[in-house]
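Commentary on secondary and tertiary structure
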Amino acid sequence: QLQLVESGGELVQPGGSLRLSCAASGFSLDFYAMAWFRQAPGKEREGVSCISARGAVTNYPDSVKGRFTISRDNAKNTVYLQMNSLKPEDTAVYYCGVRYLICSNADIDYDYWGQGTQVTVSS
């Protein structure tokens, strides 16, 4: 049985912080890259950040650099996205995905997805 479950999304004020979690079960993440994507209303799904099986990090849009930090805890089979200095344009459903070993910024390359968690940044 395979599961990816995102959590942590909620309403937050501009400038605030949030930490998203994606917990995997049914398989080990030791050999997988893990990524966060987001999809805002009326927009296509966008890669946010990815961490490879070896721990190499790629941040896809310049807009999240310096604000978002991806990390993983293989012992807990969990990936995190720490989001600071949140802006209204960060509002989206955030999804985690996994694929073998290395990162990709194309959502079609990912094998497994969670159900998403809603992040709303508003005053």
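Thresholds applied
Residues numbered from 1 in each chain as written. Predicted model: local features only at pLDDT ≥ 70, side-chain atom pairs only at ≥ 80, totals over all residues. Heavy atoms only, no water. Helix = DSSP H or I, 4+ residues; strand = E, 2+ residues; numbered from the N terminus. Buried < 20%, exposed > 50% of the residue type's maximum accessible area, 1.4 Å probe, protein only. Contact = heavy atoms within 4.5 Å. Areas by Shrake-Rupley, 256 points an atom, 1.4 Å probe, with all protein chains shown as cover. Core = buried A, V, L, I, M, F, W, Y, C linked by side-chain atoms within 4.5 Å.

**Observations regarding the overall build of the protein**
- Of the regular secondary structure elements, the protein holds zero helices and eleven strands.
- Its C-alpha atoms give the protein principal-axis dimensions of about 40 × 25 × 25 Å.
- In the protein, which comprises 123 residues, the proportion classed as buried is 46%.
- Partitioning the intrachain contacts of the protein with sequence separation of at least 6 by distance along the chain shows that 58% fall at a separation of at least 24.
- Put simply, the protein shows about 6300 Å² of open surface, and 46% of that area lies on carbon and sulfur atoms.

**Here's the deal with the side chain of Ser 21**
- Locating Ser 21 in the fold gives a position in strand β3 (residues 18-25).
- Excluding its chain neighbours within four sequence positions, the residues that come into contact with Ser 21 are Val 5, Glu 6, Ser 7, Trp 36, Thr 78, Val 79 and Tyr 80.

**So, the nonpolar core**
- The biggest cluster of nonpolar side chains holds 27 residues, and the ones touching the most others in it are Leu 20, Trp 36, Phe 68, Val 79, Leu 81, Met 83 and Tyr 94.
- Looking at this core, the elements that each hand over two or more residues are β3, β4 (32-39), β5 (46-51), β7 (68-73), β8 (78-83), β9 (92-100) and β11 (117-121).
- Within the second largest apolar cluster, five residues are counted, among which are Ala 33, Ala 35, Phe 37 and Tyr 110.

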